[in-house]
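Here's the letter readout for the chains.
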There are 2 protein chains.
Amino acid sequence: MFGVEKILHESTPFDTSTVISITVFISLICLCIIIGHLLEENRWANESITSLLLGVASGGVVLLIRKGQNSRILVFNEELFFIYLLPPIIFNAGFQVKKKQFFKNFSTILSFGVVGTLISFCLVSVGVQFLLKKIGLTQLSVNDYLALGAILSATDSVCTLQVLNQDDTPLLYSVVFGEGVVNDATSIVLFNAVQSLDLSNLSAMTALALLGTFLYLFITSTLLGVLVGLLSAFIIKKLYLSRHSTDREIALMMLMAYLSYMIAELMDLSGILTVFFCGVVMSHYTWHNVSESSRITSKHAFATMSFISETFIFLYVGMDTLDIDKWKESNASVGTYLAVSSAMLSLILIGRAAFVFPLANILNYTKKNSDKKINFSTQFIIWWAGLMRGAVTVALSYNAFSGSVEVSNERSLMISCTLIVVLFSTLLFGTVTKPLIRAILGAPRHAVSYASDIPSLEYLDIPFLESQENQDNPENQETNLNGDEEPRQRRGGFSLIMKYPTGAVHHIWRKFDNKFMRPVFGGRGFVTYEPASPTGAADISHEQ
Amino acid sequence: MFGVEKILHESTPFDTSTVISITVFISLICLCIIIGHLLEENRWANESITSLLLGVASGGVVLLIRKGQNSRILVFNEELFFIYLLPPIIFNAGFQVKKKQFFKNFSTILSFGVVGTLISFCLVSVGVQFLLKKIGLTQLSVNDYLALGAILSATDSVCTLQVLNQDDTPLLYSVVFGEGVVNDATSIVLFNAVQSLDLSNLSAMTALALLGTFLYLFITSTLLGVLVGLLSAFIIKKLYLSRHSTDREIALMMLMAYLSYMIAELMDLSGILTVFFCGVVMSHYTWHNVSESSRITSKHAFATMSFISETFIFLYVGMDTLDIDKWKESNASVGTYLAVSSAMLSLILIGRAAFVFPLANILNYTKKNSDKKINFSTQFIIWWAGLMRGAVTVALSYNAFSGSVEVSNERSLMISCTLIVVLFSTLLFGTVTKPLIRAILGAPRHAVSYASDIPSLEYLDIPFLESQENQDNPENQETNLNGDEEPRQRRGGFSLIMKYPTGAVHHIWRKFDNKFMRPVFGGRGFVTYEPASPTGAADISHEQ
């Protein structure tokens, strides 16, 4: 038919290459989901590893198709990573985190995340300078070495989430994951500080300024997140008191969380910290102000978004590894690659060991209760589980060593070797961690394979089942409904709380929360459904 | 503190302007949601109008801040629109559409969408050529006039969705909305055909080729959507038979729907049609194969995504209206603006009247049942509700008249006037339609204010309440559970089906569906929950 070809040819009003890369990535993510499901019973595999390997494999296929020219479908884009992929992951982590465990271990998390990262940063910076010079690299500056210190100190909280399990190992999970969030923030702050530092007039003042900056960033970022979270709770409570609209509620929660990240970035704060605490506050207040269907939807929709972003990141990093141009640019021998990568890897191992074991023992020393002490096997796993490096490392590495005015062989080499480190650490440490935890700590309480689904359901069913009975006793409710505490720990109750300072702080907080915060911002037991409202009451009867 | 400023300054590793525009847009969307909620009881307003006006207002504010330089925060981007914003809206429309009503009116929808759009296209093309020459514009070519014909024939299905209500006026909704989807596809095909047409050897062959192309596009696009939908049902049924993972299920549904759109675009088919039918098939099969929490989540999450995209589009268009550069470029007097815009508007009015009334009467003539005939007041509303022009019009107009080699005053004028038409038609027709329907057809069966929430809940509660009782009688179930039929229409039952040919087709389809399709692809009553599975059974007890 004459003309058809021509008409069809012009039919797409936008760039075809974008469509192609989106199509490829979506197909690959679908494949990852299916393969991940099939491998669910497998104790070695997890979704990160599957997508990383699938990324490498498809990078190889693209390379073959293009006859060795280039494996790039999408160029690694920091904007894509920091603006679109990271926020949903961190927000969901804050939203689903077991708040009680997290705050109970807050001091441990902070010391590991801040002091630990600083120790690791110093050690890796010095070590990398020493080792790279030994290998024979000369073009890098002091700033570059310091940047490498920050880059290699950024643990991968995404992969950690998949390897550890919130229900099986709550202490480990909260410490390693909490540390990961604080660590991300610390490394990014360090990295930016190092990048902009003028090293010619390095003084004690600079170090002080760095510390001041860090404290300022940490506090303001947290406050901003809490503020936006409370605002969302207040708006939804005031506006939708009697009349719920699920779509609007979820849209508002999602958008305000994202807004908190964006405002933090605009104010040059740490968006990661902000959106994390926004998630924590939203799950404590806002989530209880919305309709039943919104609760179910928000839990799962946020988890799904985070899941898709995670898978995408690993695919992306995997695919990027086979980017042949980068390898050509660095112009180094296999020996150099191996030497640099193993130098980096061993520095990561040493840098992490250098703070986990000492800090854990110092913290143990301050704790009177032997139950709360971190024993050696747990210390070992904390060390091990934080060895993985991920997308933050890749993103920072690109930021430091590419696109700048002076693109040299050695700078390309740094990017390539960072990628090798990420790939290797995720594959090796990611694979071994799950079996290792089982070997050291024994079998988990319930089957690992279903675990990923259970926390959210646990969260969900308790309000459904118990909210009527405990309606008029929020104090009691707090303990029973939070779903955060172990049965073992519940027994102690009031006497336990008064015994230890962190417990006392928590007790005061709960009093304050019940008396001032919840009446204003809503929360469990403080939102009244009007029986006559079309959805408030109807919702429940629909779903029951 | 020395150094702090410097460190903070460099802290964002990506373009600040992107962050600013995202922050502004998200804040505005939040504001739209809140204002939209407060105006819910208002019979004149709807969310489209709110966001359009808010967009214009914030465009004005930006203009003031930048002292009249430019109101652009985000340049109108076809890629953004066609790749990211449009698919979720159309997919959700297919996913939530009342299938029975849609297929019952399929012939009406097709004739309006295809034949009607063609009639409108011809009339507007000829009319615009005549009128613009009268006004004194001379630079435009025949191709431009034909493009304008296609651009001005694209009705706005997004705004229609907000003005009409699926529960109050099911016939109207399915006809106007269904027409909108087919019309979008038709106009885009026409537009692309016209853009690539060589008018020097225009012949009967070209017209035939155009028709052939259209049929080819329509059939293959639909088939592709159905195929991907069935594939998703099959995968989820096979893989998750006994073990459900909500996040994976939702991710897979979402990604496969998006994949269908992308594949269609890659194959130069109509992505809109494909993703629409993918949504229809997914709600018929896939949705019944997933866990209870996935059903609730998918319904609301897809609706939320669509809602956010819609709000964004209208904000975007509103903001774009005050883009001062465009107005300067066209270099025309207020009189010319008014003349061209009113010429366009009257052509839209005439072009739509020219096919709605004749076609409706022809269709009435073929129908024996007087119940199914479209009476004059309904015809009038169909005509009226399709007069709004929206983002598709804007996107096509930018595609035709900007960025090309020859940017002339008159081409910029066309873009500006299209924007005026979109703004004016959305504001005027959008505001008046709801009260008009009430005035003509009488008050709706239930309060309009809650209506947006009720369809989805209606959908949700029925499987919950009845799935146990009707488990072993899918035939009966189909009628009761679909939630698509009016009580009035249910009475007829089997005898009614055999009376009319469309009914017979539907009956055969249902037999086929129950015997062959559902056993393979799942669907209501054909998915067995294993009582021992951790989530299948547990899910239900959790939520009941």
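Conventions used here
Sequence positions are assigned chain by chain, starting from 1 and proceeding in written order. Here the convention is simple: chains get letters from A, ligands get numbers from 1, in the order in which they are written. Only residues with pLDDT of 70 or above have their local features reported here, since the model is predicted, and side-chain atom pairs are shown and tallied only from 80 upward, although totals for entire chains, interfaces and linings are computed over all residues. UniProt positions are given in the numbering used here, feature names are shortened, and annotations may be inferred rather than shown by experiment. Per the convention used, a helix needs a DSSP run of H or I reaching at least four residues, while a strand needs a run of E reaching at least two, with both numbered from the N terminus. Buried, partly exposed and exposed are defined by the number of other C-beta atoms within 10 Å of a residue's own C-beta, namely 20 or more, between the two limits, and 12 or fewer respectively, with C-beta atoms placed from the backbone. Any pair of residues counts as being in contact when their C-beta atoms, constructed from backbone geometry, are within 7 Å of one another. Inter-axis angles, ranging from 0 to 180 degrees, are taken between N-to-C directions of lines fitted to C-alpha atoms, where helices are fitted over the stretch in contact. Note on terminology: angles under 35 degrees are roughly parallel, angles over 145 are roughly antiparallel, angles of 65 to 115 are roughly perpendicular, and the others are oblique. Here a crossing is taken to be left-handed if its near helix is turned anticlockwise relative to the far helix by less than a right angle, and right-handed if that turn runs clockwise. Throughout, the ten residues Ala, Val, Leu, Ile, Met, Phe, Trp, Tyr, Cys and Pro are labelled nonpolar, Asp, Glu, Lys and Arg are labelled charged, and all others, Gly among them, are labelled polar. To estimate the expected span of a helix, count its residues, drop one, and scale the result by 1.5 Å. pLDDT is defined as a per-residue confidence score from the predictor, taking values between 0 and 100.

- In the annotation of an unreviewed UniProt entry, the entry for chain A reads Sodium/hydrogen exchanger, and the organism field reads Chenopodium quinoa.
- In the Subcellular location (unreviewed entry) part of its UniProt record, chain A is described as follows: "Membrane".

### Examining the overall build of chain A
Thinking step 1. When helices and strands are tallied, chain A shows 25 helices and 0 strands.
Thinking step 2. Per-residue burial over chain A gives 50% buried out of 544 residues.
Thinking step 3. By sequence separation, contacts in chain A at least 24 residues apart represent 84% of the contacts at least 6 residues apart.

### Notes on the packing of helix H10 (residues 204-239) of chain B against helix H11 (residues 246-266) of chain B
Residues and elements named next belong to chain B.
Thinking step 1. In the contact formed by H10 and H11, the axes pass within 10 Å of each other and the chain directions differ by 160°. One element, H10, and the other, H11, form an angle in the roughly antiparallel class. Crossing hand, H10 versus H11: right-handed. Where H10 approaches H11, its residues Ser221, Leu224, Gly225, Val228, Leu231, Ser232, Ile235 and Ile236 are matched on the opposing element by Glu249, Leu252, Met253, Met256, Leu259, Ser260, Ile263 and Ala264.
Thinking step 2. When grouped by side-chain class, the residues that make up the contact of H10 with H11 number 11 nonpolar, 4 polar and 1 charged.

### A look at the packing of helix H6 (residues 106-135) of chain A against helix H7 (residues 142-153) of chain A
Residues and elements named next belong to chain A.
Thinking step 1. Where H6 meets H7, the closest approach of the two axes is 8 Å, and the angle between their N-to-C directions is 130°. When the axis of H6 is compared with that of H7, the two are oblique. When you trace H6 past H7, the crossing you get is right-handed. Along the contact surface, H6 presents Thr117, Ser120, Phe121, Cys122, Val124, Ser125, Val128 and Gln129, while H7 presents Tyr145, Leu146, Leu148, Gly149, Ala150, Leu152 and Ser153.
Thinking step 2. Looking at side-chain class alone, the contact of H6 with H7 contains 9 nonpolar, 6 polar and no charged residues.

### Remarks on the environment of Thr18(B)
Thinking step 1. Structurally, Thr18(B) can be placed in helix H2 (residues 16-38).
Thinking step 2. Linking Thr18(B) and Arg524(B), residues 506 residues apart in sequence, is a C-alpha distance of 45 Å.
Thinking step 3. Residues within four places of Thr18(B) in sequence aside, it is in contact with Glu79(A) and Ile83(A).

### Structural notes on helix H15 (residues 334-366) of chain A
Residues and elements named next belong to chain A.
Thinking step 1. Taking 1.5 Å of rise per residue, 33 residues should cover 48 Å, and H15 covers 48 Å from first to last C-alpha, within 8% of that figure.
Thinking step 2. Here H15 has its buried residues at Val340, Met344, Leu347, Ile348, Gly351, Arg352, Phe355, Val356 and Ala360.
Thinking step 3. Elements that come into contact with the buried residues of H15 comprise H6, H7, helix H16 (376-385) and helix H18 (409-441).

### Quick word on H2(B)
Thinking step 1. With 23 residues, H2(B) should cover 33 Å at 1.5 Å per step; its first-to-last C-alpha distance of 33 Å lies within 8% of that length.
Thinking step 2. Those residues of H2(B) that are buried are in contact with helix H11 (246-266) of chain A together with helix H3 (47-65) and helix H13 (292-321) of chain B.

### Describing the environment of Thr433(B)
Residues and elements named next belong to chain B.
Thinking step 1. With respect to the helices, strands and loops of the structure, Thr433 is situated in helix H18 (residues 409-441).
Thinking step 2. Owing to 23 C-beta atoms within 10 Å, Thr433 belongs among the buried residues under this scheme.
Thinking step 3. Here the alpha-carbon distance between Thr433 and Leu164, two residues 269 residues apart in the chain, equals 8.2 Å.
Thinking step 4. Excluding its chain neighbours within four sequence positions, the residues that come into contact with Thr433 are Val163, Trp384 and Ala385.

### A look at the environment of Met414(A)
Residue and element names in this part refer to chain A.
Thinking step 1. Tracing the backbone shows Met414 in helix H18.
Thinking step 2. Judged by local crowding, Met414 falls into the buried class, with 26 C-beta atoms found within 10 Å.
Thinking step 3. For Met414, the residues in contact, after removing those within four places along its chain, are Leu148, Ser397 and Phe401.

### A word on the confidence of the model for chain A
Residues and elements named next belong to chain A.
Thinking step 1. On average, residues of chain A score 75 in pLDDT, and 76% of them reach the 70 mark or higher.
Thinking step 2. No element of chain A has a lower mean pLDDT than helix H25 (residues 536-543), which averages 34, and none a higher one than H11, which averages 92.
Thinking step 3. Every residue in residues 529-544 is under pLDDT 50, and counting partners more than four places away or in other chains gives 29 contacts.
Thinking step 4. Predicted complex, confidence summary: ipTM 0.79, pTM 0.80.

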